[in-house]
Amino acid sequence: MLGNKLIGRTLLAFNKLGSSNEVAKRLAKKQASEGTTILAEQQTGGRGRQQKKWFSPPSTGLWFSVILKPQCHLDRLGLISLLACVAVSDAVKSELGLRLAHKWPNDLLSHSRKVCGILIETEFTSQKLSHLVLGIGINVNQMAADFPEELMDTATSLRMETGVLVDRRRLLIAVLRALEKCYLNFLQRRFDLILRKWRDGCPFFQRTISVATDGGRVEGLLEDIDEFGRLCLRLPSERTIVLSVGDILLRNMEAIR
Ligand code: BTN
């Protein structure tokens, strides 16, 4: 049915989990094969980036994690989240006709609200990557009233954006297929293809953005992303800096897509 060689070839589905990333990490340590996918109907301890919680109620979203073991230079790992964004947005476009906006490094938005988030957790043994877990959370069929108050202004779902109750199983298959395609491109070092598709979906280029970094907030013109998926930001001083971690802040920006 799925027809993938790698991603989701082994798919373990659970009714309720703490976090699918946690389970995937445990299985990866026990030598689960590359592409093994853990799907949760509900997560009670869904995790987001920066120690945030990820709201994962039952029967409304797609919450899953994939074990990957890429043999690549560590510099290229930043491209994994970009390829995951491309895969999800390609699948959503082809299934629902909805164009999502890519927000660096790993969010997908519609009308400036978050539809999908990606959490990558890596495991190293003597400075060599042993595996990584790619966790993807997609808000699919929630209605506005389903989101907790703190997310009401910032989150949305595919159903809210399209007005259609989405077949989650069909969408999952489309995402896993797109993920396989993008990941094989990555393994074949076709990085340009991934970068071009990611750039195509990003509406922030040549715009002034604010980025929260470990060292504080920086503001500048988004010039590009480089071949490693890092953000190139031109500061008011005309100097260009390259960021590999950070968060684009959306406040005070005009609405996008
Ligand atoms: C973020 O935007 O902060 C990342 C959110 C990632 C959520 C997904 S849902 C499936 C997987 N399991 C988790 O606990 N988190 C990720």
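Residues numbered from 1 in each chain as written. Predicted model: local features only at pLDDT ≥ 70, side-chain atom pairs only at ≥ 80, totals over all residues. Heavy atoms only, no water.

Novice: So what about the sheet that holds strand 5 (residues 107-110)? Which residues, and what values?
Specialist: In space, the seven strands of this open sheet follow the order 1-2-3-7-6-5-4, with mixed pairing throughout. Pairing within the sheet leaves two strands with one partner each, and these edge strands are strand 1 (11-17) and strand 4 (101-103). In this sheet, adjacent strand axes meet at a mean angle of 20 degrees when their direction is disregarded. Direction of pairing for strand 5 relative to strand 6 (residues 113-125): antiparallel, over a ladder of four bridges. Of the residues in strand 6, the one forming a bridge with D107 is G117. The strands touched by helix 4 (residues 168-187) are strand 1, strand 2 (37-43), strand 3 (61-68) and strand 7 (128-139); relative to strand 3, the strand with the most contacts, the crossing angle is about 30 degrees. (Pairing = 2+ DSSP bridges. Helix = DSSP H or I, 4+ residues; strand = E, 2+ residues; numbered from the N terminus. Axes fitted to C-alpha atoms, helices over the stretch in contact; angles between N-to-C directions. Contact = heavy atoms within 4.5 Å.)

Novice: Describe the site of the ligand, naming the residues involved and giving the relevant values.
Specialist: In the vicinity of the ligand lie 20 residues, with S19, Q43, R47, R49 and K114 positioned nearest. Between S20 and the ligand, the recorded distance is 3.1 Å, taken from a side-chain N or O atom to a nitrogen atom. The contact in question runs from an oxygen atom of the ligand to an N or O atom on the backbone of R47, over 2.7 Å. Of all the secondary structure elements, the ones that give two or more residues to the shell around the ligand are helix 1 (20-29), strand 3, strand 6 and strand 7. With four residues, strand 6 is the single largest residue contributor to the shell around the ligand. (Near = heavy atom within 4 Å. Polar contact = N/O pair within 3.5 Å; in protein donor to acceptor, adjacent residues only side chain to side chain.)

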